[in-house]
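Observations on the three-dimensional arrangement
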Amino acid sequence: MKVYLDNASTTKVSKEVYEAMKPYFEEEFGNPSSLHNKGISNRKVVNSSRKKIASMFNCNHKEIHFTSCGTESINWALKGLAFSNNAKGEIITTKVEHHATLHTVQFLEKMGYIIHYLDVDKEGFIDIKQLSTLINDNTLVVSVLMANNEIGTIQNMEEISKICFDASTYLHVDAVQVACHKELDLSELNADLVSFSGHKFNAPKGIGILYIKHGTKIENLLHGGQQEQDHRAGTENVPYIVGITKALEVGLRQIGNYEKTLDSYSKFFIDELDNAGIEYILNGPQIGEHRLPGNINLSFKDLEGSDITYYLNKYGIYVSTGSACDSESIEPSHVLQAIKVPFDYIEASLRFSIGVDTTFDEVKYASEKLIEIINELK
Ligand SMILES: Cc1ncc(COP(=O)(O)O)c(C=O)c1O
C-alpha cells in the first residue's frame, strides 16, 4: 500500500482540474494579449477566472492577481509595500512564518527595515499583547501566517486585523495553507494583502494568487508587459489560471465534509497511538476549530525523525520531518523551536498531513505501521 500523508507539502492535481486545463495546452493555446480570436478567447477565460475567484472569496475581481506561486505572492506583497512606502521603517511578523516570509523580511532588513518577530505560545498562537505593544506609527506592515504549515495553528485573525486597522498599518496574510481547507471570506478577513498557492489544493505547482485590496499603495515586483491590470508583467499562464479556478470551485464545494472527515481521521490516528501506549506530544492546538484539518504534527521521545521516516518510507508511507537538513547539520525547525518542544522530543518530530484523497484504510495502515516502528526503535 502507498499512503501519501504529505498533503501540506503539495497535493495531486485532481482529474477535474486536469480536464479543465487540457484544452488550454492544446487547441486553446493562444496568448491573451494577442488581438486575434485565439488571443481574445484566452483573454476572456483569464477575465472570467478572475471574476469567479473574486466571487468565491467575496472581493472585487480587480483585487485578484495571478502569480507564479505562494512565494512570489509573499515577495510581491512585502517588497512591493516596502518599495512604495519608504516613510515607514518597521515590519512586524512572527517567529513561525514560512521561509517565504522570513527570508523576504531578512532581505528587507538588509535594506534598512527594522523587523520584529512576535513570540508564540506552546500551541503556536501569536502573542496578541506583544503585537499591540510593538505596533506604532512607523509600522509599515504586519505579516502573519494564518494557518501554520507545520503545526496547523489557525490564528485569531479577527483580533489581529482589528489591531492593524486601528493602527493604520497594512496587514499581509499568508493564507497558502487555508484556501479549500477552511472557509475564507476576504471582506470579513479585512486584510490588505493575502497570498495563496494552487498546489496546496489540487491545482498544479507554479500558480499563485495575490489579493491586493483596492487602494493599497504597492509597487510592482515584475516589470515588463501590461499583464494583470498592469501590475504583474509576464504572459499569463492560462492553463494554470483555469486550473486554480477549477481547484477552488471543487475544493470549496466539498469543504464542509472535508473538515469533518479529516478531523475524524486525525482523532482516530491519535487514539490508536494512545491505545498502544506510545509516548508522544501533539504539536500545535487540539484537533478541531483552531487547527488545520488533516494536520497531525507529533514528536516522539528519545528517537530520531530520520529513522522513523526511513522505515515509514519503506512501508510506502510518505510524511515530512520537522527538521531542515543541510550537509553539516540537522537543525530542528524554527517553528518547533518557537513553541519550545522539549529537547528529548524535538529530534523526532513528524508531520502527517491527510488530504482530500486519503482513505480511512490508509490512515489505519499508517497508524499501525507507525506504532510498529516506534516500538521497534525503542
Ligand atoms: C504557509 C506557506 N507559505 C508559503 C508557501 C510557499 O508556496 P509556494 O510553494 O507556492 O511557493 C508554502 C509552501 O510550502 C506554505 O506552506
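About the criteria used
- Residues numbered from 1 in each chain as written.
- Predicted model: local features only at pLDDT ≥ 70, side-chain atom pairs only at ≥ 80, totals over all residues.
- Heavy atoms only, no water.
- Domains from an automatic or database assignment.
- Contact = heavy atoms within 4.5 Å.
- Buried area = accessible area lost by both parts, 1.4 Å probe.
- Salt bridge = Lys/Arg side-chain N within 4 Å of Asp/Glu carboxyl O.
- Polar contact = N/O pair within 3.5 Å; in protein donor to acceptor, adjacent residues only side chain to side chain.
- Helix = DSSP H or I, 4+ residues; strand = E, 2+ residues; numbered from the N terminus.
- Nonpolar A, V, L, I, M, F, W, Y, C, P; charged D, E, K, R; others polar.
- Near = heavy atom within 4 Å.
- Areas by Shrake-Rupley, 256 points an atom, 1.4 Å probe, with all protein chains shown as cover.
- 1 Å grid on protein atoms, 1.4 Å probe; cavity = no way out; pocket = protein on both sides within 12 Å on 5 of 7 lines; lining within 4 Å.
- Sits in = over half its atoms within 2 Å of the grid points.
- Axes fitted to C-alpha atoms, helices over the stretch in contact; angles between N-to-C directions.
- Parallel < 35°, antiparallel > 145°, perpendicular 65-115°, else oblique.
- Left-handed = near helix turned anticlockwise from the far one by under 90°.
- Points joined across faces, edges and corners; volume = space filled by probe spheres on them.
- Buried < 20%, exposed > 50% of the residue type's maximum accessible area, 1.4 Å probe, protein only.
- Pairing = 2+ DSSP bridges.
- Right-handed = clockwise from strand over helix to strand, strands pointing away.

**Re the domain arrangement of the protein**
Domain parsing of the protein yields domain 1 (3–11 + 255–377) and domain 2 (15–253). Placing a centre on the C-alpha atoms of domain 1 and another on those of domain 2 gives a separation of 28 Å. Every contact between the two is made by 28 residues of domain 1 and, on the other side, 32 residues of domain 2. Of the roughly 2500 Å² buried at the junction of domain 1 and domain 2 (both faces included), carbon and sulfur atoms supply 51%. At the surface where domain 1 touches domain 2, the tally comes to one salt bridge. A salt bridge links lysine 182 to glutamate 259; the shortest N-O distance between them is 3.0 Å. At the junction of domain 1 with domain 2, the criterion picks out 20 residue pairs in polar contact (both at pLDDT 80 or more). Broken down by secondary-structure element, the contributors of at least two residues to the side of domain 1 that touches domain 2 are α10 (255–275), β10 (295–300) and α12 (334–338). In terms of residue count, the dominant contributor to the side of domain 1 that touches domain 2 is α12 (four residues). Among the residues forming the side of domain 1 that touches domain 2, the class breakdown is 11 nonpolar, 12 polar and five charged.

**A word on the site of the ligand**
Looking at the ligand, there are 13 residues lining it, with Thr71, Asp174, Gln177, Ser197 and Lys200 nearest. Within the side chain of aspartate 174, one N or O atom sits 2.7 Å away from a nitrogen atom of the ligand. One of the side-chain nitrogen or oxygen atoms of histidine 199 is found 3.0 Å away from an oxygen atom of the ligand. Relative to its unbound accessible surface of 390 Å², the ligand loses 88% to contact with the protein. Counting atoms within 2 Å of the grid points, the majority share of the ligand lands in the largest pocket.

**Some words on the packing of helix α11 (residues 305–314) against helix α14 (residues 360–377)**
Where α11 meets α14, the closest approach of the two axes is 10 Å, and the angle between their N-to-C directions is 135°. Relative to α14, the element α11 lies oblique. As α11 packs across α14, the resulting crossing turns out to be right-handed. Together, Asp307, Ile308, Tyr311 and Leu312 of α11 and Leu370, Ile373, Ile374 and Leu377 of α14 make up the contact between the two elements. Partitioned by chemical class, the residues of the contact of α11 with α14 number seven nonpolar, no polar and one charged.

**Some points on the layout of surface pockets**
Where empty space is left becomes clear once a probe the size of a water molecule has been rolled over the atoms. Within this model, the largest pocket holds a volume of roughly 560 Å³. As for the largest pocket, its lining consists of 34 residues, of which His98, His99, Asn149, Glu150 and Arg351 are closest to the centre. For the lining of the largest pocket, the secondary-structure elements that each account for two or more residues are α3 (70–84), α4 (99–110), β12 (320–321), β13 (323–325), β14 (330–332), α12 and β15 (349–353). Here the lining of the largest pocket is built from residues that sort into 10 nonpolar, 18 polar and six charged.

**Some details on the packing of helix α2 (residues 37–57) against helix α9 (residues 238–253)**
Axis separation between α2 and α9 bottoms out at 10 Å; the angle between their running directions is 30°. As summarised for this structure, α2 and α9 are arranged roughly parallel, according to the angle between their axes. In the crossing of α2 with α9, the sense of the turn from one axis to the other is left-handed. On α9, the residues that touch Asn42, Val45, Val46, Ser49, Lys52, Ile53, Met56 and Phe57 of α2 are Val238, Ile241, Val242, Ile244, Thr245, Leu248, Glu249 and Leu252. Looking at the contact of α2 with α9 residue by residue, the classes come out as 11 nonpolar, three polar and two charged.

**Quick look at the pairing of strand β5 (residues 139–145)**
With seven of seven residues buried, β5 lies mostly within the body of the structure. Pairing between strand β3 (residues 90–94) and β5: three bridges, direction parallel. Note on β5: the bridge partner recorded for isoleucine 92 is valine 142. Of the pairings in the sheet, the one linking β5 to strand β6 (residues 170–174) comprises five bridges and is parallel in character. Counted as the bridge partner of valine 144 is valine 173 from β6. In terms of handedness, the path from β5 via helix α6 (residues 157–166) over to β6 forms a crossover that is right-handed.

**As for the pattern of salt bridges**
Summed over the entire model, instances satisfying the criterion amount to 12 salt bridges. For arginine 232, the salt bridge is made with glutamate 72, and the minimal N-O distance between the two is 2.7 Å. Note that arginine 232 is positioned in the loop between α8 (227–230) and α9 and glutamate 72 in helix α3, a separation of 160 residues in sequence. The exposure class assigned to glutamate 72 is buried, which follows from its relative accessible area of 10%. In this structure, lysine 162 and aspartate 166 form a salt bridge, with 2.8 Å as the shortest nitrogen-oxygen distance. Of the two residues, lysine 162 and aspartate 166 both sit in helix α6, four residues apart, roughly one turn of that helix.

**Re the sheet that holds strand β9 (residues 280–283)**
Ordered by their spatial adjacency, four strands build an open sheet running β9-β10-β15-β12, and the pairing between neighbours is antiparallel. Bordering the open sheet on either side are β9 and β12, each of which pairs with just one other strand. In terms of strand pairing, β10 meets β15 through five bridges, oriented antiparallel. Bridge pairing in β15 places serine 299 opposite serine 349. Strands in contact with α10 are β9, β10 and β15; relative to β10, the strand with the most contacts, it is inclined by about 20°.

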